[in-house]
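Take a look at the letters that make up each chain.
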Amino acid sequence: MKIDILTLFPEMFETFFTTSIIGRATSEERVRLQAVNFRDYSKNKHHKVDDYPYGGGQGMLLTPEPIFDAISDVTKNDNPRVILLCPQGERFTQKKAEELATEEHLVFICGHYEGFDERIRKHLATDELSLGDFILTGGETAAMVMIDAVVRLLPGTLSKASSHEDDSFSSGLLEFPQYTRPVDFRGLKVPDVLLSGNHAKIAEWRRTESLRRTLIRRPELLETADLSEKDLKIIAQLKTEPL
Ligand SMILES: C[S@@+](CC[C@H](N)C(=O)[O-])C[C@H]1O[C@@H](n2cnc3c(N)ncnc32)[C@H](O)[C@@H]1O
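Just so it is clear, the structure is predicted and the values come from calculations on it, not from any experiment.

What counts as what
Residues numbered from 1 in each chain as written. Predicted model: local features only at pLDDT ≥ 70, side-chain atom pairs only at ≥ 80, totals over all residues. Heavy atoms only, no water. Pairing = 2+ DSSP bridges. Helix = DSSP H or I, 4+ residues; strand = E, 2+ residues; numbered from the N terminus. Right-handed = clockwise from strand over helix to strand, strands pointing away. Near = heavy atom within 4 Å. Polar contact = N/O pair within 3.5 Å; in protein donor to acceptor, adjacent residues only side chain to side chain. Areas by Shrake-Rupley, 256 points an atom, 1.4 Å probe, with all protein chains shown as cover. Nonpolar A, V, L, I, M, F, W, Y, C, P; charged D, E, K, R; others polar. Buried < 20%, exposed > 50% of the residue type's maximum accessible area, 1.4 Å probe, protein only. Contact = heavy atoms within 4.5 Å. Core = buried A, V, L, I, M, F, W, Y, C linked by side-chain atoms within 4.5 Å. Expected span 1.5 Å × (residues − 1). Axes fitted to C-alpha atoms, helices over the stretch in contact; angles between N-to-C directions. Phe/Tyr/Trp six-rings, centres within 6.5 Å; stacked < 30°, edge-to-face > 60°.

A.B. asks: An account of the pairing of strand 5 (residues 81–91) is requested, with residue identities and associated values reported.
C.D. replies: Both strand 5 and strand 6 (residues 105–109) contribute to a ladder of four bridges, which runs parallel. Paired with Val82 across the strands is Val107, a residue of strand 6. Once the chain exits strand 5 it traverses helix 4 (residues 94–100) before rejoining the sheet at strand 6, and the crossover so formed is right-handed. As paired strands, strand 5 and strand 7 (residues 127–130) are joined by five bridges and run parallel to one another. Bridged to Leu84 within strand 7 is Glu128.

A.B. asks: Explain unusual backbone geometry to me, using residue names and the numbers behind them.
C.D. replies: Residues Arg181 and Pro182 are joined by a peptide bond in cis, for which omega reads 0°. Looking at where Pro182 falls in the secondary structure, it is placed in the loop between helix 6 (140–151) and strand 8 (184–185). The phi torsion at Tyr113 lies on the positive side, around 55°, for a residue other than glycine.

A.B. asks: So, the site of the ligand: which residues are in play, and what are the values?
C.D. replies: Surveying the vicinity of the ligand reveals 21 residues, the closest of which are Leu85, Gln88, Glu114, Phe134 and Leu136. At 3.0 Å from an oxygen atom of the ligand is found a main-chain nitrogen or oxygen belonging to Gly111. Within the contact set of the ligand, a nitrogen atom lies 3.0 Å away from a backbone nitrogen or oxygen of Leu136. Taking 580 Å² as the accessible area of the ligand by itself, protein coverage stands at 86%. Those elements that place two or more of their residues in the shell around the ligand are strand 5 and strand 7. With four residues, the single largest contributor to the shell around the ligand is strand 5. In terms of residue class, the shell around the ligand is made up of eleven nonpolar, nine polar and one charged.

A.B. asks: Any details on the side chain of Ser210? Residues and values, ideally.
C.D. replies: Within the secondary structure layout, Ser210 lies in helix 7 (residues 199–217). Here Ser210 falls in the buried class, since its relative accessible area comes to 7%. In contact with Ser210, not counting residues within four places along its chain, are Leu173, Leu174, Glu175 and Phe176.

A.B. asks: Account for the nonpolar core, naming residues and giving values.
C.D. replies: Ranked by size, the top nonpolar core spans 30 residues in total, and within it Ile3, Phe108 and Ile147 carry the most contacts. If near-sequence neighbours (up to four positions away) are discounted, Phe108 is found in contact with Ile3, Asp4, Ile5, Leu6, Ile83, Leu85, Ala143, Met146 and Ile147.

A.B. asks: Account for helix 6, naming residues and giving values.
C.D. replies: Helix length check: helix 6, at twelve residues, gives a terminal C-alpha distance of 16 Å against a target of 16 Å (1.5 Å per residue), a fit within 8%. Counting buried positions over the twelve residues of helix 6 gives nine, a clear majority of the element.

A.B. asks: Can you explain the sheet that holds strand 2 (residues 32–37)? Please cite residues and give values.
C.D. replies: For sheets, the rule is that strands pair by backbone hydrogen bonds, running either parallel or antiparallel. Judged by pairing direction, the sheet is parallel, and its five strands sit side by side in the order 2-1-6-5-7 without closing on themselves. Strands at the two margins of the open sheet, each flanked by one partner only, are strand 2 and strand 7. Mean inter-strand twist for the sheet, computed between neighbouring axes without regard to direction, equals 30°. Taken together, the five bridges between strand 1 (residues 2–7) and strand 6 define a ladder with parallel strand orientation. Bridging from a neighbouring strand, Ile5 pairs with Phe108 of strand 6.

A.B. asks: Requested: an account of the packing of aromatic side chains, with residues and values cited.
C.D. replies: The full count for this structure, using the stated rule, is three aromatic pairs. Centroid distance Phe13 to Phe17: 5.8 Å. Interplanar angle 40°. Geometry classified as tilted. Phe13 gets classed as buried once you look at its relative accessible area, which sits at 0%. With centroids separated by 6.1 Å and ring planes inclined at 45°, the aromatic side chains of Phe16 and Phe17 adopt a geometry described as tilted. Clustering of aromatic rings is evident, with ring pairs tying together Phe13, Phe16 and Phe17.

Scope: geometric values only; no functional claims are made or implied.
Structure (structure tokens):
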């Protein structure tokens, strides 16, 4: 996969590109990441990339030309998904990360100041994605979050031991509770079933606890999760128990 990030602050990505899972995916050449400073495409003698909004109002907007030119440079030979980071966009989810992980080339456009000239939104972006209902200073941190979620899904990026299939949302449910050593920490004990060595029983306990946690914390996820007859019976039983 190739990922290009159009930004005014490429230095923000230096550590991100080389650390942890992203660093490994890069060094193993599963992904080629590039931060492109679209200020380099400004034809203005002061390299300006923003201007006042027509009609008046507060703040500055990113002008179209440098971003249009940077996009045509990074998309010379293909037709990638062009993602505009934008608080007004569709909310980013694990499902969206899974969908993006199947693409060969992604381009992220990081906004700044008061936002973008509308022509960037209308004529360049294939997707507008938001991290949530809050306003960030720029799209860079949102791009990092989304790229992290996508790259860890690329085949071979995670080791089998840390596979993402049980992660919350991957299965449509929240993940079950997890424990590690010691068995007894200041009187707080690990559930016996996890020490039993009985894999079928452990899998059953995990499924039940995953359903319980989802029912308590995010019941709306149960409406779209892939549930078996057995799951539905467990949920019916859980609903009769004190939460
Ligand atoms: C200060 S914000 C501009 C907000 C804009 N005035 C509005 O009300 O929609 C600057 C940039 O940060 C990024 N940004 C801010 N909040 C975001 C969010 N929740 N999700 C994704 N990107 C965001 C976008 O790229 C945006 O153009």
